[in-house]
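# Descriptive analysis of the structure
The chain contents come next:
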Amino acid sequence: MLGFVRKFVTLIGTAGILVGGIALVSIMGSMRPEIERQAPEIQPPSVFYTEARSEAVTLDVIAQGEVRPRTDINLTAQVAGQVVSTASNFVNGGAFEKGDTLLRIEDADYQVAVTSAKARVAQAEEALRREEAETSLARKDFEDLNLGEDPSELTLRVPQLAQARANYDAARADLRAAELNLSRTRIRAPFEGRVRERIAGPGQYVAPGAQLGRIFSTDVAEIRLPMTDNDLAKLGLPIAFVATDENPGPEVVFSTVVAGEFREWTGHIERTDGAIDPTTRQLSAIAVVEDPYGEGGNDGVPLTIGLFVDAKIEGRPYPQAFVLPRSALYGRDVVYVVNSDDILEERTVAIISSDRDTITVSNGVRAGERVVTSPLRGSEEGDKVVPTDNFGTPTPESDADADASTTVAATGQGE
């Protein structure tokens with residue numbers, strides 16, 4: 001019985017302690033000061049910017065192309081015969097002048113043909129003179145008879161005279177043909193140029209139309225340069241452009257490495273293709289270099305046919321343009337400007353050039369304005385921002401605003 005009493009007393013004491021603890025916690029909780037709830041203050045986002053500076057810009061165009069001759073032909077035979085000789089410069093890479101004899105075909109048969117044709121001309125001429133005399137005599141005899149009527153053409157031998165004249169003209173035509181074939185036994189250069197490939201040589205028999213070699217002219221070298229629509233806009237070239245004395249076309253500087261040395265040549269755009277390439281959807285501009293193997297060369301190094309060269313084309317100048325980082329561009333043609341009150345303004349710009357790192361615009365911003373170059377992170381036109389230059393330094397306007405805000409806050413706390 002005594003043990004039961006002890007357990008009951010212990011239980012009562014433990015319960016009292018628990019109740020007292022709970023009461024104490026409740027009292028202390030009621031004494032805690034109530035926390036005042038405040039709405040969080042949203043700070044304007046920081047944005048990086050660059051100052052727009054107006055400058056004169058020349059938009060050059062970079063392209064590549066292969067040097068080709070303006071005239072590149074197959075040299076062919078016009079008469080048949082055996083090749084008896086070739087000129088010493090009629091070899092691969094040989095240079096020649098206009099009118100030079102490059103190759104000779106055996107002409108004995110053609111000499112005989114000329115001689116025979118001359119003989120036929122002499123015979124036809126003698127027959128014509130005789131017929132003219134017969135016609136004159138027939139007319140005189142008819143007049144002497146005084147028959148008082150018009151004579152017939154046969155009486156006056158008019159058909160016979162016409163036939164004699166026709167025979168004479170045909171004989172002379174045969175002579176001209178024979179002389180022409182004789183002249184064609186000498187293959188002459190139709191222009192100044194070089195030999196790309198010699199095919200026929202001494203002892204070889206050739207027929208009319210047989211290929212003797214390939215030659216090209218060296219008066220002008222042409223380089224076809226593919227242009228995009230943006231490139232044409234930079235150069236101010238219209239479709240189907242043709243250079244004139246008043247508008248000679250943009251200057252082009254060609255460059256490449258020859259024999260381990262960097263070389264440059266100067267030319268100009270002469271024309272553009274009349275139609276767009278259906279495969280590439282581009283329009284090519286044709287640049288020319290005058291006398292590429294002579295005065296158009298670089299210190300004796302010619303602009304050799306077949307070279308692959310880089311081309312730098314002088315674009316049209318813009319006296320006032322703005323070069324901005326490409327990160328300033330939002331969408332296709334939109335930039336954002338931070339005004340004097342640190343408020344965002346949306347601007348539509350005219351982009352005249354763009355590359356991987358920069359864009360060049362002709363209008364839409366003004367000199368001295370702050371153009372945003374960082375992501376806006378949900379901000380839009382009309383929002384307030386904290387402009388920071390690319391070095392992470394807040395602008396003076398932002399510093400002044402921050403100082404004023406601090407002063408106002410301190411004054412409020414003092415009151």
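For the structure, see preceding data.
A brief structural summary. (Residues numbered from 1 in each chain as written. Predicted model: local features only at pLDDT ≥ 70, side-chain atom pairs only at ≥ 80, totals over all residues. Heavy atoms only, no water.)

A tally of helices and strands in the protein chain yields 5 helices and 23 strands. Sorting the 415 residues of the protein chain into buried and exposed places 32% on the buried side. Considering only intrachain contacts with a sequence separation of at least 6, the fraction spanning at least 24 residues in the protein chain is 74%. Of the roughly 25800 Å² of accessible surface on the protein chain, 51% is carried by carbon and sulfur atoms. (Helix = DSSP H or I, 4+ residues; strand = E, 2+ residues; numbered from the N terminus. Buried < 20%, exposed > 50% of the residue type's maximum accessible area, 1.4 Å probe, protein only. Contact = heavy atoms within 4.5 Å. Areas by Shrake-Rupley, 256 points an atom, 1.4 Å probe, with all protein chains shown as cover.)

Next up on the list: the side chain of Glu222. Locating Glu222 in the fold gives a position in strand E12 (residues 220-227). Polar contacts involving the side chain of Glu222 include one to the side chain of Arg271, which spans 3.3 Å. Not counting residues within four places of it along the chain, the set of residues in contact with Glu222 comprises Glu66, Val67, Arg68, Arg70, Glu270, Arg271, Ile286, Ala287 and Val288. (Polar contact = N/O pair within 3.5 Å; in protein donor to acceptor, adjacent residues only side chain to side chain.)

What follows covers the nonpolar core. Formed by 31 residues in total, the largest nonpolar core has its most connected members in Phe90, Phe96, Leu103, Val206 and Leu212. Those elements that place two or more of their residues in this core are strand E7 (101-105), helix H2 (108-145), helix H3 (158-183) and strand E11 (211-217). With 7 residues, the single largest contributor to this core is H3. With residues near it in sequence (within four places) discarded, Phe90 still touches Leu75, Leu102, Leu103, Val195, Arg198, Ala200, Leu212 and Gly213. (Core = buried A, V, L, I, M, F, W, Y, C linked by side-chain atoms within 4.5 Å.)

What follows is about the packing of aromatic side chains. For the structure shown, the criterion picks out 3 aromatic pairs. Between Tyr330 and Tyr336, the aromatic rings sit 5.2 Å apart at their centres with planes inclined by 85°, giving edge-to-face as the arrangement. For Tyr336, a relative accessible area of 11% gives the class buried. Taking the ring centre of Tyr49 as reference, the NZ or CZ of Arg370 above it sits at 5.8 Å. (Phe/Tyr/Trp six-rings, centres within 6.5 Å; stacked < 30°, edge-to-face > 60°. Lys NZ or Arg CZ within 6 Å of the ring centre and 35° of its normal.)

The 5 strands are arranged E19-E18-E22-E1-E23 in an open sheet whose pairing can be described as mixed. With partners counted over all chains shown, the strands left at the sheet margins are strand E19 (344-348) and strand E23 (386-389), one partner each. With direction set aside, neighbouring strand axes in the sheet form an average angle of 45°. Where strand E1 (residues 46-51) lies against E23, 4 bridges are found, and the strand directions are parallel. In the strand pairing of E23, Phe48 is matched with Thr388. (Pairing = 2+ DSSP bridges. Axes fitted to C-alpha atoms, helices over the stretch in contact; angles between N-to-C directions.)

On to the sheet that holds strand E8 (residues 186-188), then. One open sheet holds the 4 strands; their spatial order is E8-E7-E5-E10, and the pairing between them is antiparallel. The sheet is open, and its two edges are formed by E8 and strand E10 (205-206), each paired on a single side. Summarising the sheet, E7 and E8 pair through 3 bridges and their orientation is antiparallel. Across the sheet, the residue bridging to Leu103 is Ile187, located in E8.

Counted by the stated rule, this structure contains 17 salt bridges. Between Arg129 and Glu132 there is a salt bridge, with its nearest N and O atoms 3.8 Å apart. Linking Arg129 with Glu132, this pair stays in helix H2, spanning 3 residues, or about one helical turn. The class of Glu132 is partly exposed, set by a relative accessible area of 31%. The partner of Arg366 in a salt bridge is Glu369, with the nearest N and O atoms 2.9 Å apart. Residue Arg366 is classed as exposed on the basis of its relative accessible area of 53%. (Salt bridge = Lys/Arg side-chain N within 4 Å of Asp/Glu carboxyl O.)

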